[in-house]
Amino acid sequence: MASFRKQDFLKFTDYDVFGFDMDFTLARYELVPFFQLTYGCICKFLAENKNYGSVFKGFHEIKYLVCTGLMADYEKGNILKLDANGSIIRAIHGTRRMSDAEITVSYGEEKLFAYMDQFSNESGIKSRSETWRFHENLFDLPGMAAYAQMVDYLETLEDKPTTSSFLQAASDLLEALEDMYVPTQFARNQGGYFPRLKADTSKYIDPISSDVRAWLKKLRHDGRKLFFLTTSFPDYANHLMNVVLGAEWKTYFDLIIYGARKPKFFTESKPFLRIVNCQALDEVKKLEAGKEYCHGNFNVLDSFLQGITGKAKPKVIYFGDNVIADTCPSTLLANWVSVLVLEEMDAEGYAVTDGTVPGHDDELEDPSSIPAKRKRRYEHSSLITDEEIELMVSSLWGSIFIDNTNNDKMDDSRVMNTKYGSLISKYSTICVPSIEYLSGVPLDYEYSTFSSQSGNARGFHPGRPRSLLPQ
């Protein structure tokens, strides 16, 4: 395991290699129709194959249940919002919000989630025994709303639900997700999700701007290299990237890797398979520039990057949307620098304070100081819609970064106190709302980075999310 230390500033021109995730990073999804589609597929599968009948409401009625960074406790049928130490801040049983007293009865006076240590030590979003799942991946987020309603249904039955009942509901949900997303469904045109997306891709996926195209090309100046590393499989990734970057999309990268199985890519030794025309061929021991591969592992990729840069320790930046799959393993295990691309930041809004956006000179602040109490302009980018803002800022769960449910008075420093917020500051170097934002910033700009203080907000650009500013 590589060691890593925090740095005060990040300048892209100091780095040799840039790696990019695809989903929700380079490929921006239209979240409202995307969530409606995935939620509908999940509910249809459960109703037709698991006897849940007419349990599920329309997505617009239950979208308030959906939120990034929550923990599903499948043993109790609860969904939890945790603080940085694993104590429960808010919780629901089914779709019903639990009172403070109910949380105490279920989890003890300290309100600690029992498997917090296991979550911290297992490199993944779910337990090996399927007793809990951390919801960060936008692909499975609508499943949280389906599970809550499944628990409601179990509570209406004559026989009181047990731990076994709640775990079986989670198993049913997992089957629905697998039916929808298993890679072989794309070629078969089955599973609900892939057929609908292929039939009307532009409804769900946005092409990137000419600014981003130009920015990607600038990154390759002065001998710098780019690689593409996604967990999505070749056929799906090619279908999306043809929309995102066009038919010439592969020319932007020196290496393309599909089916990477992050975060396992960084911990296991699965061999690389050579890809030609989206088909997996033979295993390879070494990677070649300009080629496409599937699966693989960090050690072989690292050897390739050393060779292509001519450096024993090439400096790498990786851009991804997921803490558990992207920024944590790339920072902790690969010793890369990581940029978290977080659409929720755009949905919440932010005050532009770092000088990277024209017209905000009067808003500039020292990122190391406590932000001043004053009236501010909150902004959202032109990428996000009002519907997406309503969807991604939950009226039930509040901000993903901070929660004052258990505090009468918040400190003016407004550090992140949620578990998800603490993971962002610990494993991400900087956090931005989109790749589009980065494309407008000079490559030699020095970004302030997250410090070693838990929950600090130095690394947000172009400024702190609204909830992290003095109220």
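Predicted model only: the values in this text are computed from it and were never measured.

Caption draft 1: Main features of unusual backbone geometry. For the peptide bond that leads from Lys262 to Pro263, omega is 10°, which places it in the cis range. Within the secondary structure, Pro263 sits in the loop between β11 (255-258) and β12 (272-276). For the bond running from His461 to Pro462, omega is 10°, close enough to zero to count as cis. When you line up the elements, Pro462 lands in the segment after β18 (447-448). Phi at Asn335 takes a positive value of approximately 60°, unusual for a residue other than glycine. Within the secondary structure, Asn335 is located in the loop between α13 (323-332) and β16 (337-341). Since its relative accessible area comes to 46%, Asn335 is described here as partly exposed.

Caption draft 2: Summary view of the nonpolar core. If you look at the biggest cluster of nonpolar residues, it comprises 154 residues, and the most contacted ones within it are Phe20, Tyr29 and Tyr193. The element best represented in this core is helix α1 (residues 31-49), accounting for 11 residues. The residues touching Phe20, leaving out its near neighbours within four places in the chain, are Leu26, Trp215, Leu216, Leu219, Leu226, Phe227, Phe228, Leu229, Phe253, Tyr318, Phe319 and Ile435.

Caption draft 3: Looking closely at the environment of Leu443. The topology assignment puts Leu443 in the loop between α17 (435-438) and β18. Residues in contact with Leu443, not counting those within four places in the same chain, are Lys11, Phe12, Thr13, Trp215, Lys218, Leu219 and Arg224.

Caption draft 4: Inspection of the pairing of strand β4 (residues 70-73) at higher detail. Both faces of β4 are covered, namely the face carrying Leu70 and Ala72 and the face carrying Met71 and Asp73. Judged from the 4 bridges that link them, β4 and strand β8 (residues 132-135) form a sheet pairing that is antiparallel. Bridge assignment links Ala72 to a residue of β8, and that residue is Arg133. From the end of β4 to the start of strand β5 (residues 78-82), which pair antiparallel, there are 4 residues, and Gly77 there has a positive phi angle of about 75°.

Caption draft 5: Quick look at helix α16 (residues 419-427). Among the 9 residues of α16, 8 are classified as buried, and the element is accordingly described as predominantly covered. Among the residues of α16, Lys419, Tyr420, Gly421, Ser422, Leu423, Ile424, Ser425 and Tyr427 are the ones counted as buried.

Caption draft 6: How the structure looks around the side chain of Asn78. Relative to the helices and strands, Asn78 resides in strand β5. Under the relative-accessibility criterion, Asn78 is labelled buried at 2%. A polar contact of 2.7 Å, which involves the side chain of Asn78, links it to the side chain of His93. At 3.0 Å, the side chain of Asn78 and the side chain of Tyr107 are in polar contact. Residue contacts for Asn78: discarding those within four places in its chain leaves Met71, Ala72, Asp73, Ile92, His93, Met98 and Tyr107.

Rules of the game
- Residues numbered from 1 in each chain as written.
- Predicted model: local features only at pLDDT ≥ 70, side-chain atom pairs only at ≥ 80, totals over all residues.
- Heavy atoms only, no water.
- Helix = DSSP H or I, 4+ residues; strand = E, 2+ residues; numbered from the N terminus.
- Buried < 20%, exposed > 50% of the residue type's maximum accessible area, 1.4 Å probe, protein only.
- Core = buried A, V, L, I, M, F, W, Y, C linked by side-chain atoms within 4.5 Å.
- Contact = heavy atoms within 4.5 Å.
- Pairing = 2+ DSSP bridges.
- Polar contact = N/O pair within 3.5 Å; in protein donor to acceptor, adjacent residues only side chain to side chain.

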